[in-house]
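Structural overview for review
So you can see what is in the structure, the chains are spelled out below.
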Amino acid sequence: MTSYAPIGRYFNVTNGRIYGHVREGDGPALVFLHYWGGSHRTWRPVIEHLSPTQTFVSYDHRGWGESTQVPGPNGIEQLADDAERVIDELDHGEYVVVGHSMGGKVAQVLASRRPAGLKGVVLVAPAPPAPIGVTHEFQEALAHAYDNDETIDQSIDLVLTNGELSAEARRQVHEDSSRAGEAARMAWPRQALEDFTDSVGAINVPVLVLAGTDDKVDPLQILREHLLPLITTATLTELGGTGHLSPLEVPDQIASHISAFVTRH
């Protein structure tokens, strides 16, 4: 009997190995990229709502989760390089990249390179290609968002979510965001000014943008004005009643949209 239980494995990238969970099953493979502060575990609730035979890989970016020992650089281009290495090692042929927040920006850069086998992209509460309204004060606040339990709680309650996270999900956010390597934790606030406006127009596969109606980090209006016009293949779907941490807030909605997207394309 075939087992579709995920297995843990490491992937070779520049200067180290990053950890992920892999399940072999039905294609195309889903490649999950987590947010700044998360880990491969961020996607677990979404994966649990997908078909139990769906092929996927969900891994920790360098500096996060079980990959904290992998040194930088931790910029978006490097993370896109890492994604390509993971995809090459899996050798699945066809795949769909699913990126959340910072992972969504990585997914955009990866897709703009038009890698072989890429069939589509799902952007969940994605950071737009260019920084919008990023001030020095904002960067400083962001740099201290995960300093300690108190600041993590404030980030969850005031910025990242629209409602109550389960006790388990809240505990996971605390663990993931506080264990990061220092270079990885500082990379996003310090490099939030990276601008890929000129690159994303090269994306030539279907793109589904899933955006929470109550997202305070990357609001609907920002994505409508500063993401959709740049990616001609993109369509936007609103997720009702959720903030920025939609994979943990409404995993069933996200899984449903991913499944429909894969079936359609």
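The structure this text deals with has already been given above.
All of the points below concern the structure found in this document. No experiment lies behind these values; they were computed from the predicted model shown.

To continue, consider the packing of helix α2 (residues 76–90) against helix α3 (residues 102–112). Packed helices, taken two at a time, are described by their axes: the angle between them and the distance between them. Where α2 meets α3, the axes come as close as 9 Å, and the angle between the chain directions of the two elements is 70 degrees. As judged from the angle between their axes, α2 and α3 are roughly perpendicular. Here Ile76, Glu77, Leu79, Ala80, Ala83, Glu84 and Ile87 of α2 lie close against α3, whose contacting residues are Met102, Lys105, Val106, Val109 and Leu110. In terms of residue class, the contact of α2 with α3 is built from nine nonpolar, no polar and three charged.

Quick look at helix α5 (residues 149–160) now. Taken as a whole, α5 has its buried residues at Thr151, Ile152, Ser155, Ile156 and Leu160. The buried side chains of α5 occupy one side of the element, clustering within an arc of 140 degrees when seen end-on. Along α5, exposed side chains directed more than 90 degrees from the buried face belong to Asp149, Glu150 and Leu158. On its buried side, α5 packs onto α6 (167–178) and α10 (246–249).

This next bit is on the environment of Gly25. Position of Gly25 among the secondary structure elements: in the loop between β2 (16–23) and β3 (26–33). A relative accessible area of 35% places Gly25 in the partly exposed class. Measuring from C-alpha to C-alpha, the distance between Gly25 and Ala5 comes to 9.6 Å, with 20 residues separating the pair along the chain. In contact with Gly25, not counting residues within four places along its chain, are Tyr4, Thr53 and Thr55.

Attention now goes to the packing of aromatic side chains. In the structure shown here, the tally under the stated rule is five aromatic pairs. Judged by centre distance (4.9 Å) and plane angle (40 degrees), the ring pair of Phe32 and Trp43 falls under tilted. Linking Phe32 in strand β3 with Trp43 in the loop between β3 and α1 (44–48), this pair joins segments that are 11 residues apart in sequence. When its relative accessible area of 0% is taken as the criterion, Phe32 is described as buried. Put simply, the rings of Phe32, Trp43 and Phe56 pair up and form one aromatic cluster. Above the plane of the ring of Tyr10 lies Arg17, whose end atom (NZ or CZ) is 4.5 Å from the centre.

Each value, and the rule that gives it
- Residues numbered from 1 in each chain as written.
- Predicted model: local features only at pLDDT ≥ 70, side-chain atom pairs only at ≥ 80, totals over all residues.
- Heavy atoms only, no water.
- Axes fitted to C-alpha atoms, helices over the stretch in contact; angles between N-to-C directions.
- Helix = DSSP H or I, 4+ residues; strand = E, 2+ residues; numbered from the N terminus.
- Parallel < 35°, antiparallel > 145°, perpendicular 65-115°, else oblique.
- Contact = heavy atoms within 4.5 Å.
- Nonpolar A, V, L, I, M, F, W, Y, C, P; charged D, E, K, R; others polar.
- Buried < 20%, exposed > 50% of the residue type's maximum accessible area, 1.4 Å probe, protein only.
- Arc of directions from axis to C-beta.
- Phe/Tyr/Trp six-rings, centres within 6.5 Å; stacked < 30°, edge-to-face > 60°.
- Lys NZ or Arg CZ within 6 Å of the ring centre and 35° of its normal.

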